[in-house]
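# Remarks on the overall topology
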Amino acid sequence: MSKALSPLPRAFARLLVSWQREHGRHDLPWQRTRDPYRVWLSEVMLQQTQVSTVLGYYDRFLSRFPDVAALAAAPADDVMGLWSGLGYYSRARHLHRCAQVVVSEHQGRFPDQAAQLQTLPGIGRSTAAAIASLCHDERIAILDGNVKRVLSRLLAFEQDLAKPAAEKALWALAQALLPARASDMPAYTQGVMDLGATVCTRSQPRCASCPVRAHCQAHQRGETERFPIKTRTLRRSSQTWWWLLAVNPQGEVLLHKRPSSGIWADLHCLPLFEEEAAVMAVLPGRVSQQATHLPVMMHALTHRDLHLHTLRVPVGSRQADALARTVSGRWCSPDVWASLGLPAPVRQLLTQTLARPARGGGAA
Ligand code: SF4
């Protein structure tokens, strides 16, 4: 065991494993299986998304794509459409790509070892470790955001996790804390996840109910809120965009598919412009005279605040084709757009403006 852990008894893993078996979460659908496909799917969905949100998506995804071969064979638009509302669409793109690689290069079977899992698209070190430890008892540590918080507090880890060297050191400590018996790994991995999600929460951790509080250095010092230490702060920027909401006499809306990189990659979106004059410039004939401004929407991305202006224009049958060609778009009926992968504010706008029910909430 690492020298840095010498004050911490080996009891940590034992306490955590027994706590998980008695008090941890056991009723989530992905906990009733050791099928790597299902565990992988849940791990990817749970990144940046609450359990309560994931539950419905997980079931819908599995009924549409019951195994990795079904997911690999699906059209990308179907995968994106089912992902609508979970946000962070790059996860869905990687998920689809990963399924295709598993089928084409691994005979449809996920590799057992974390080191090989980590070579697959979209599977990072912690996700690979979660799959390998939960499904195959591999003695390998996970270190997602929740676990960093738990271990930082447990060890009163004073280093700045914004620095790669500090993160590397915490990985090593996480590995040193693992239980000795491989058969304890599923309960241990699940235990550290459960502890971070339900007890050692970001604010006001419930230390009185914590199984490892007797060994927790942050708790003993009364400094739980000081950990984890991470100094880097994100600089936010803001940006103004203009959307064209064109509606034809059939009530169809003009959408185009975003490029495969950049914001909202591969999603279907209203034509997007940097200024109002650019929207007006693509409108044929006298269509621009009928344009009306809708209320400005605010939308927060991870690093950016978007101010979204919308020009709504009715487009007659004679101009509809020309406009679709100009913006490389296609006219979509409500039934069609409701099933596509749409950015969250587009889905919100269409649902409110065109008074149609939404399926899911759209990407971030
Ligand atoms: Fe977290 Fe409190 Fe438990 Fe320490 S004692 S690990 S701060 S919940």
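None of these values were measured; they are calculated from a predicted model. (Residues numbered from 1 in each chain as written. Predicted model: local features only at pLDDT ≥ 70, side-chain atom pairs only at ≥ 80, totals over all residues. Heavy atoms only, no water.)

## Remarks on the side chain of T49
Along the chain, T49 falls in the loop between α2 (36-46) and α3 (51-64). A polar contact of 3.4 Å, which involves the side chain of T49, links it to the backbone oxygen of M45. Polar contacts involving the side chain of T49 include one to the side chain of R91, which spans 3.1 Å. (Helix = DSSP H or I, 4+ residues; strand = E, 2+ residues; numbered from the N terminus. Polar contact = N/O pair within 3.5 Å; in protein donor to acceptor, adjacent residues only side chain to side chain.)

## Some remarks on empty space enclosed by the protein
Inspection of every chain in the model, using the stated rule, returns 3 cavities of 30 Å³ or more. Considered as a void within the structure, the largest cavity measures approximately 110 Å³ in volume. Counting only elements with at least two residues in the lining of the largest cavity, the list comes to α9 (145-155) and α11 (185-199). Of all the elements, α9 adds the most residues to the lining of the largest cavity, at 3 residues. Of the residues assigned to the lining of the largest cavity, the class counts are 10 nonpolar, 2 polar and 3 charged. (1 Å grid on protein atoms, 1.4 Å probe; cavity = no way out; pocket = protein on both sides within 12 Å on 5 of 7 lines; lining within 4 Å. Points joined across faces, edges and corners; volume = space filled by probe spheres on them. Nonpolar A, V, L, I, M, F, W, Y, C, P; charged D, E, K, R; others polar.)

## As for the confidence of the model for the protein chain
Model confidence for the protein chain is summarised by a mean pLDDT of 90, while 94% of its residues fall at 70 or above. Under a pLDDT of 50 for its full length, residues 357-364 has, in the predicted model, 40 contacts with residues more than four places off or in other chains. (pLDDT = per-residue confidence, 0-100. Contact = heavy atoms within 4.5 Å.)

## Some points on the site of the ligand
Taken together, R153, V199, C200, P205, C207, C210, R213, C216, H219 and T224 form the complete shell of residues around the ligand. Applying the majority rule of atoms within 2 Å of the grid points places the ligand in the largest cavity. For the shell around the ligand, a count of residues per class yields 6 nonpolar, 2 polar and 2 charged. (Near = heavy atom within 4 Å. Sits in = over half its atoms within 2 Å of the grid points.)

## Comments concerning the packing of helix α5 (residues 76-83) against helix α6 (residues 90-105)
Angle between the axes and distance between the axes are the two parameters that describe a pair of packed helices. For the pair α5 and α6, interaxial distance at closest approach is 10 Å and the crossing angle is 135 degrees. Compared by their axis directions, α5 and α6 come out oblique. Along this stretch, α5 crosses α6, giving a crossing that reads as right-handed. Seen from α5, the contacting residues are A76, V79, M80 and W83; seen from α6, they are R91, A92, R93, L95 and H96. Classifying every residue of the contact of α5 with α6 by side-chain character gives 6 nonpolar, 1 polar and 2 charged. (Axes fitted to C-alpha atoms, helices over the stretch in contact; angles between N-to-C directions. Parallel < 35°, antiparallel > 145°, perpendicular 65-115°, else oblique. Left-handed = near helix turned anticlockwise from the far one by under 90°.)

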